[in-house]
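Commentary on secondary and tertiary structure
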Amino acid sequence: MVDEKLKILTIILIIFLMGFITRLETVELRGLNNTEKAYYTDEKGLPYMYEPDCYYSYRLAANILDHGHPGDKIINGTPWDLHSFYPPGRMVDWPPLILWLSIIFYKFLNLFTVIDFMESCFWLPAIIGPLAGIVMFFFVRRYAGNFPGLLSGVLLVLAPFYFFRTVPGFFDTDMFNIFFPLIVVLFFCKAIETNKNYMPSLVLSSLSLALFSLAWNGWPYIFYIIIVSSILYMIKIRGRVVDFAKKLTIFIIISLAIIGLLGRLQYISIFTTFFEFTFKPLSVSGWPGIYESIAELHAPTFDEFLSWVGPINIGLGFFGTIIIGSIMLRDKIKKVHLPYFSWYPFILIVTWLIIGIVAYSLSIRFALLVIPPLIVFLGLLVGVMDSYLKHSNFRRLRRSGNIFILTLVVLLSTISFIGASEIQFVPFVDDDFVHASYWIKNETSQDIVVITQWGYGYPLEAFSQMPVLIDGGSQDTPRTYWFYHAFATNNESLSIGILGMVSTSGNQAIELLDNKTGNTSLTVTILDDILGVGKKEAEEILEEKYRMDSRFTRELLSYTHPANKPFIILTRDDMIRWVEWYIYYGFWDFNKSKGRPYIYSIGSSNDTSQIRYYSNNVKLDLDNGGSWENKKPYNTIIKDGNSKRIIAGDDKSNFSIIVLLDKNQAIVLDKSFQDSLFVKLVILKEETEHIKPIYKNNSTIIWAVR
């Protein structure tokens, strides 16, 4: 018994250390030179965090640490976030477990050393991430033994997508999204397979599900998997369902009661959210939803499908599913090689796998759903192999069985370890962005709202402590369309009018007019007519062209034409990568509920000759202009530092070429987009008639209306 406990403890340490050490090494930012590393690290030498949501979690947790609740203010008894979706802000709706756990971790670390809160948040995923491998070990060990459990635990903590989402600096809820479902399933299966004294396991399963509900808003997926698999299992066993149904009912009642008391029951309707993300609706309530532009919501390519889960996990996991399924159908073989594995966990894991595969095939984001069931079947496969060797008729195979299985465990673990070690990371923000954020914090007034691309919203809120117009929580709202439209139009007055409206009154004018017209397309047309002109002229347009009564007109104009426009604009060079979405959403067709087709391409070159060839089939003659795919552009804009020249091309062409010589970039764009605010501020970095730079560094500029 002592030896067995020592074995288990040793295996737990191996799994945890394999997961922790590999995650620890990512802090070195392999693949970047020393200059690049310095650019992406803070004053303590730690990389900036990897995703925008990390900074939102951090800011809410810092609020709790500072004044006891995650919001900036309590409004009607509810924590309210006044930095996000400004104005008017929004209710804080964020899984609370990550916030409280980060504070506990911070307090614990400061018992032994001095560490700031952001630094403790940075390290937390490296501690939580490997724990899922330990739970996986206990689950597989229950049915297949120590070595298969060890392999399963190691492969899980090193599975590429899970590894990527749980490294230091990925301070997000993904660190819980395999850990808790596995615990729920482990205890539930134990309760189902126990004839007496099953209540402790059922309660622990329900408590684990309740904790999961505090960790991620998508918690019901494992709850539904248990219910669906239970129904399938009861169909299989037919008349012997009373005892099983009793246990299932107790689990459901306890789980929902606790989750209800925790105030997390409203997320039970997960399917609406699931379909929203996986099928990426083109429009939401008449306005463009921007889910198409989010990379992790795209369907994986075949290579991505294999690489994010891991070729070993995919290949051996599916093979294991087939082998284990065939064994389950043959009682004699099952009693010998899988004596402890019953039909219920088999049906549950298969159900989990099918749902995971469907979700993953629709969206990369759901790779986390398919990893656990694949690795369970992989572990069981290794357990069956071990059993076959031990029951072999050949004495030599029986003797060498343990050595073979141990060698297989070491080999597969080593391959996964090497694969995880080769994953390269680049933080989402850099020194330029952080310095600009601190400048905003220290040099601008408190009534300023910052306008930038939604992905930069959360980190900007965290570093600058200033409100932003859009961020990751406003991806499917009307103001996001107006942001893109303001940058896509070549009418500077309209751009300023749009940004002035949404930064002072939010969606009020849009909603007021939408309620009046009942037609989103007409609402957009009216606002386009009035936002680019003065208040007096706008009043005449509303009353004479659109027959609006004077009372309604005055109310609308109070929102569309504020006296002051206290906003600044932050642009970054990286925004060029997303120019296609500014064209697509900025010229949205509300009658067809889809974006406008666009021409867009970016290429680079290291050619220093008079004639340059770029990777996007652009050929540039510095004296005579350029061509793209052997076609002449409408014109070629060549910018080198502060100098710019325009070379005329074919008047009938529908595209333009912009060449940034100092960056060795060639950008192909719709001709209609070349005079847009986006091109002027982001690509050419030149001031306009009314918008002037007030801060500059290498890649980031802050603009204000002057």
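The notes below deal with the structure included here.

Let us look at the overall build of the protein chain. Secondary structure summary: the protein chain contains 29 helices and 17 strands in total. Taking 706 residues into account, the globule formula puts the C-alpha radius of gyration at 27 Å, and the protein chain, at 29 Å, falls close to it. Each of the three principal axes of the protein chain carries a C-alpha extent, and together these read 90 × 65 × 55 Å. For the protein chain, the proportion of its 706 residues judged to be buried stands at 56%. Contacts spanning at least 24 positions in sequence make up 66% of the contacts within the protein chain whose residues lie at least 6 apart. Summed over its atoms, the accessible surface of the protein chain is roughly 30,000 Å², and 58% of this surface lies on carbon and sulfur atoms. Computed over 62 positive and 64 negative side-chain charges, the separation of the two mean positions in the protein chain equals 12 Å.

We now examine the pairing of strand S7 (residues 567–572). The element S7 is largely enclosed, with a buried count of six among its six residues. Neither face of S7 is left uncovered, since the one carrying Phe-567, Ile-569 and Thr-571 and the one carrying Ile-568, Leu-570 and Arg-572 both have all their residues buried. Here strand S6 (residues 449–451) runs beside S7; their pairing, made up of three bridges, is parallel. Residue pairing across strands places Ile-451 opposite Ile-569, the latter belonging to S7.

Let's shift gears to the nonpolar core. Core analysis: the biggest nonpolar cluster contains 225 residues, and Trp-482 and Ile-683 have the highest contact counts within it. When residues of this core are assigned to their parent elements, the largest contribution, 14 residues, is made by helix H18 (residues 367–390). Once residues within four sequence positions are removed from consideration, Ile-683 is found in contact with Ile-576, Ile-658, Leu-660, Ile-667, Leu-669 and Phe-678. Core analysis: the next-biggest nonpolar cluster, separate from the first, contains 14 residues, Val-618, Leu-620, Phe-655 and Val-659 among them.

The next point concerns unusual backbone geometry. Pro-88 follows Pro-87 through a cis peptide bond whose omega is 5°. Relative to the assigned elements, Pro-88 resides in the loop between strand S2 (78–81) and strand S3 (90–91). The backbone of Asn-617 sits at a positive phi, close to 65°, despite the residue not being glycine. Mapped onto the fold, Asn-617 is located in the loop between strand S9 (611–613) and strand S10 (618–621).

Spatially, the five strands line up as an open sheet ordered S8-S15-S14-S12-S13, and their pairing is mixed. Every interior strand has two partners, whereas the edge strands, strand S8 (600–604) and strand S13 (643–648), have only one. Taking the axes of each pair of neighbouring strands and ignoring which way they run, one obtains an average angle of 15° across the sheet. Sheet topology note: the strand S12 (residues 635–640)/strand S14 (residues 655–660) ladder contains four bridges and is parallel. Note on S14: the bridge partner recorded for Thr-636 is Ile-657.

Before going further, it helps to examine the sheet that holds S9. Spatially, S9-S10-S11 is the arrangement adopted by the three strands of the open sheet, whose pairing is antiparallel. Of all the strands in the sheet, just S9 and strand S11 (625–628) have a single pairing partner and so form its edges. Adjacent strand axes in the sheet meet at a mean angle of 15°, parallel and antiparallel pairs treated alike. In this structure, S9 lies alongside S10, joined through three bridges in antiparallel fashion. Directly across from Tyr-613, in S10, lies its bridge partner Lys-619.

As a further point, take the environment of Asn-490. Turning to its location among the elements, Asn-490 is positioned in the loop between helix H22 (478–488) and helix H23 (492–505). Placed 184 residues apart in sequence, Asn-490 and Gln-674 show a C-alpha to C-alpha distance of 8.2 Å. Not counting the four nearest positions on each side in its chain, Asn-490 is found in contact with Asp-675 and Ser-676.

Moving on to the environment of Arg-479. Take Arg-479: it is sitting in helix H22. We classify Arg-479 as buried; its relative accessible area is 0%. Considering only alpha carbons, one finds Arg-479 and Val-502, 23 residues apart in sequence, at a separation of 6.6 Å. For Arg-479, the residues in contact, after removing those within four places along its chain, are Phe-85, Tyr-86, Pro-87, Pro-88, Leu-469, Ile-470, Val-502, Gly-506 and Asn-507. A distance of 2.6 Å separates the side chain of Arg-479 from the backbone oxygen of Pro-87, its partner in a polar contact.

Under the 1.5 Å per step criterion, the end-to-end length of helix H4 (residues 96–109) is 20 Å for 14 residues, consistent within 8% with the ideal 20 Å. Looking at the buried side of H4, the elements it contacts are helix H3 (52–67), helix H5 (117–128), helix H9 (179–192) and helix H10 (199–215).

According to the stated counting rule, one finds 63 aromatic pairs in the structure shown. Taken together, a centroid distance of 6.3 Å and an interplanar angle of 50° make the contact between Trp-287 and Trp-482 tilted. In this pair, Trp-287 sits in strand S5 (residues 287–288) while Trp-482 sits in helix H22, placing the two residues 195 residues apart along the sequence. By the burial criterion, Trp-287 is buried, and Trp-482 matches it. The rings of Phe-483, Tyr-484, Phe-487, Trp-581, Tyr-582, Tyr-584, Tyr-585, Phe-587, Trp-588, Tyr-598, Phe-673 and Phe-678 are connected pair by pair, giving a single aromatic cluster. Stacked on the ring of Trp-343, the Lys or Arg Lys-236 has its end atom at 4.5 Å from the ring centre.

Rules of the game
- Residues numbered from 1 in each chain as written.
- Predicted model: local features only at pLDDT ≥ 70, side-chain atom pairs only at ≥ 80, totals over all residues.
- Heavy atoms only, no water.
- Helix = DSSP H or I, 4+ residues; strand = E, 2+ residues; numbered from the N terminus.
- Rg over C-alpha atoms; globule rule 2.2 N^0.38 Å.
- Buried < 20%, exposed > 50% of the residue type's maximum accessible area, 1.4 Å probe, protein only.
- Contact = heavy atoms within 4.5 Å.
- Areas by Shrake-Rupley, 256 points an atom, 1.4 Å probe, with all protein chains shown as cover.
- Lys, Arg positive; Asp, Glu negative; His and termini not counted.
- Charge placed at Lys NZ, Arg CZ, Asp CG, Glu CD.
- Pairing = 2+ DSSP bridges.
- Core = buried A, V, L, I, M, F, W, Y, C linked by side-chain atoms within 4.5 Å.
- Axes fitted to C-alpha atoms, helices over the stretch in contact; angles between N-to-C directions.
- Polar contact = N/O pair within 3.5 Å; in protein donor to acceptor, adjacent residues only side chain to side chain.
- Expected span 1.5 Å × (residues − 1).
- Phe/Tyr/Trp six-rings, centres within 6.5 Å; stacked < 30°, edge-to-face > 60°.
- Lys NZ or Arg CZ within 6 Å of the ring centre and 35° of its normal.

So yeah, pure geometry; function would need other evidence.
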